[in-house]
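Below are the chains, spelled out letter by letter.
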Amino acid sequence: MSTPPPTPTVMINVEDLHKKFGDLEVLKGIDAKVNEREVVCLIGPSGSGKSTLLRCMNRLEDFHRGQVTICGHDLTGSRTSLHAVRRDVGMVFQSFNVFPHMKVIDNLTLAPMKVLKISRTEAKQRAMALLEKVGLVDKAHVYPGKLSGGQQQRVAIARALAMEPKAMLFDEPTSALDPETVGEVLGVMQNLAEEGMTMMVVTHEMGFAREVADRVLFMDNGVVVEQGPPKQIFEQPQHERTQAFLSKIL
Ligand code: ADP
Ligand code: MG
């Protein structure tokens, strides 16, 4: 008798999520799940609610109906510690959110020292290891303003990783980059995925989604229209809206 495969641990679970801005309902009952070590790419037209969904996942936005559980934190309960959530969930945005007035190394050591209370020496050691991972060891003592967009985004990723998050959320991390630096950022993200990081990635980089994602979710107008393995979504999309979107961008 063969043993059944182990049940995957669900790291992110969104159920019937609704979100309004005033009268405008931008999330209309979203269900989404990300298992441990899984990479899920979220695609869809501008304004479909992708960023809002990601922001609800670490409570940068409130929501008025539904449930979100992430890395063991139930965001539905009002007593959830937002600090604990943000410590466990790393987020990287389209605009490189690095501190411009701090050298790269200090960008990476600040939060671990303050929040995780680790010593400066240890924080620096960890920071250098992370810079190694993102290919920026030689930029440790440079200010972010001296770096290219792709390099700044790699700093932002390393900074998020310095908190040793259990999951990472990426919101169009390469959309603001010069084309020649997109690849280096996607490469870092791909390595991270291969190391087993749990990731949800909003992206227009269909090559990345195709190659790296375990699952692709297509969102339109506040709902998940369709989801499945990348091969299925890109080669045999079931819904007209998915087909229309893909025919425009592929
Ligand atoms: P996407 O990331 O897919 O482009 P968003 O989640 O940014 O979509 O936006 C979804 C909808 O919500 C859009 O119609 C947008 O105008 C609206 N929206 C987003 N943020 C706000 C906000 N803070 N206040 C009002 N409307 C917003
Ligand atoms: Mg967006």
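Because the structure is a prediction, the values reported are computed rather than measured.

### Here's the deal with the overall build of the protein chain
Thought 1: The number of helices and strands found in the protein chain is 9 helices and 10 strands.
Thought 2: Taken over C-alpha atoms, the radius of gyration comes to 18 Å for the protein chain, in line with the 18 Å a tight globule of 250 residues would show.
Thought 3: By principal-axis analysis of the C-alpha atoms, the protein chain measures approximately 55 × 50 × 45 Å.
Thought 4: Residues counted as buried form 50% of the 250 residues belonging to the protein chain.
Thought 5: Nonlocal contacts in the protein chain, meaning residues at least 24 apart in sequence, comprise 64% of its contacts between residues at least 6 apart.
Thought 6: Looking at charge distribution, the protein chain has the averaged site of its 29 positive side-chain charges lying 7 Å from that of its 30 negative ones.

### Things to note about the sheet that holds strand β10 (residues 223-228)
Thought 1: Sheet architecture is open: 6 strands sit in the order β6-β7-β8-β3-β9-β10, paired in mixed fashion. Two strands close off the open sheet at either side, each with one partner strand: β6 (89-92) and β10. Strand after strand, the sheet turns through a mean of 15° between neighbouring axes, direction not considered.
Thought 2: Strand direction decides the pairing type here: strand β3 (residues 39-43) and strand β9 (residues 215-220), joined by 4 bridges, are parallel. Bridge assignment links I43 to a residue of β9, and that residue is F218.
Thought 3: Running over the sheet, helix α5 (residues 149-161) touches β6 and β7 (167-171) and is turned about 170° from β6.

Definitions and limits used
Residues numbered from 1 in each chain as written. Chains lettered and ligands numbered in written order. Predicted model: local features only at pLDDT ≥ 70, side-chain atom pairs only at ≥ 80, totals over all residues. Heavy atoms only, no water. Helix = DSSP H or I, 4+ residues; strand = E, 2+ residues; numbered from the N terminus. Rg over C-alpha atoms; globule rule 2.2 N^0.38 Å. Buried < 20%, exposed > 50% of the residue type's maximum accessible area, 1.4 Å probe, protein only. Contact = heavy atoms within 4.5 Å. Lys, Arg positive; Asp, Glu negative; His and termini not counted. Charge placed at Lys NZ, Arg CZ, Asp CG, Glu CD. Pairing = 2+ DSSP bridges. Axes fitted to C-alpha atoms, helices over the stretch in contact; angles between N-to-C directions.

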